[in-house]
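# Examination of the molecular architecture
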Amino acid sequence: MTGTIDRQTFQRLTLIYLIDQLPDGVRSSYRLQKLLYCATRDVDPKPFTFHFSRQGPYSRDVSVQLLHMFEDDLVQRQVLRNGASAEGRWKAWPGETWRELCDAFAEGLPAHAEAIRLSATHFGCLRCRELDENLCRDPRLQGMRRGRVLLRGHSGSSVSVTLDDEQAEDLEIMTRPELLRSMAELNRAVTETDFETSKVRRISSLDDYFI
């Protein structure tokens, strides 16, 4: 049983699953980048391309995708202030949809899910200095020049997953920006008007509606 998901869905699900592994979310994009690098350096296909920067492994694709996911209401960003400085914590949205996405990712890409769990367990609670010290032991980083590629992200348009075609298609729909924005607007409207969704009559299929 093998289906495919497009590259954007693959990237978004990877980030969703990583954020979900830490109960309070991932504090700072700096930490998220490092955790994601550790999680994906030994699995294939790789969701993101990483370069070596002044601060270590960095993926511009991760930053761009996170911004789009925030704009599409797929992730939350909580601003944390420490005196005059501030940083953001990436957090999950509570609810059934988020859980369904994580479960589907774990089923469809089990090796990736396990690598992310291990990265979050081993490195997720370390201080930034301790995290950097661990990364310094990575042989890939030894003698690396700034700007050089550390990991090469998957270049194809789709990724194989151990899900059937229908499940894979559902995942793409659930992470589609247009749908997410529409659902977010609907949720806000329901919240602002105190609309009681429990009073809406549910139908099991379109046939029930038209017959």
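The structure this text deals with has already been given above.
In this report, we go over the structure that sits alongside the text. (Residues numbered from 1 in each chain as written. Predicted model: local features only at pLDDT ≥ 70, side-chain atom pairs only at ≥ 80, totals over all residues. Heavy atoms only, no water.)

## A look at the pairing of strand 8 (residues 158–161)
Judged by which residues are buried, strand 8 turns out to be one-sided: Val-159 and Val-161 face inward and are buried, whereas Ser-158 and Ser-160, on the alternate face, are not. Where strand 1 (residues 3–6) and strand 8 come together, 4 bridges link them in antiparallel fashion. The residue bridging Ile-5 from the neighbouring strand is Val-159, located in strand 8. (Buried < 20%, exposed > 50% of the residue type's maximum accessible area, 1.4 Å probe, protein only. Helix = DSSP H or I, 4+ residues; strand = E, 2+ residues; numbered from the N terminus. Pairing = 2+ DSSP bridges.)

## Quick look at unusual backbone geometry
Excluding glycine, residues mostly carry a negative phi; peptide bonds, for their part, are mostly trans. Following Asp-44, the chain continues to Pro-45 via a peptide bond in cis, the omega torsion being -5°. Relative to the assigned elements, Pro-45 resides in the loop between helix 2 (29–40) and strand 3 (50–53). A positive phi angle, close to 85°, is found at Ser-28, a residue other than glycine. If you trace the backbone, Ser-28 turns up in the loop between strand 2 (26–27) and helix 2. On the basis of relative accessible area, Ser-28 is assigned to the buried category, the value being 9%. A positive phi is found at Asp-73, a non-glycine position, where the angle reads about 60°. Its place among the elements puts Asp-73 in the loop between helix 3 (60–71) and strand 5 (76–82).

## A closer look at the nonpolar core
Ranked by internal contacts, the top residues of the largest apolar core, which has 46 residues, are Ile-5, Leu-15, Ile-19, Leu-32, Tyr-37, Phe-50 and Val-62. Per-element accounting of this core gives the leading share, 7 residues, to helix 1 (residues 7–20). In this view, Leu-15 contacts Leu-32, Leu-36, Phe-48, Val-62, Gln-65, Leu-66 and Met-69; residues no more than four positions away in its chain are not counted. (Core = buried A, V, L, I, M, F, W, Y, C linked by side-chain atoms within 4.5 Å. Contact = heavy atoms within 4.5 Å.)

## A few points about the packing of helix 1 against helix 4 (residues 96–108)
One can describe the packing of helix 1 onto helix 4 by two numbers: an axis separation of 9 Å at closest approach and a directional angle of 110°. In terms of their interaxial angle, helix 1 and helix 4 are classed as roughly perpendicular. The residues of helix 4 that touch helix 1, namely those facing Leu-13, Thr-14, Ile-16, Tyr-17, Ile-19 and Asp-20, are Trp-98, Arg-99, Leu-101, Cys-102, Phe-105 and Ala-106. For the contact of helix 1 with helix 4, the residue count by class is 9 nonpolar, 1 polar and 2 charged. (Axes fitted to C-alpha atoms, helices over the stretch in contact; angles between N-to-C directions. Parallel < 35°, antiparallel > 145°, perpendicular 65-115°, else oblique. Nonpolar A, V, L, I, M, F, W, Y, C, P; charged D, E, K, R; others polar.)

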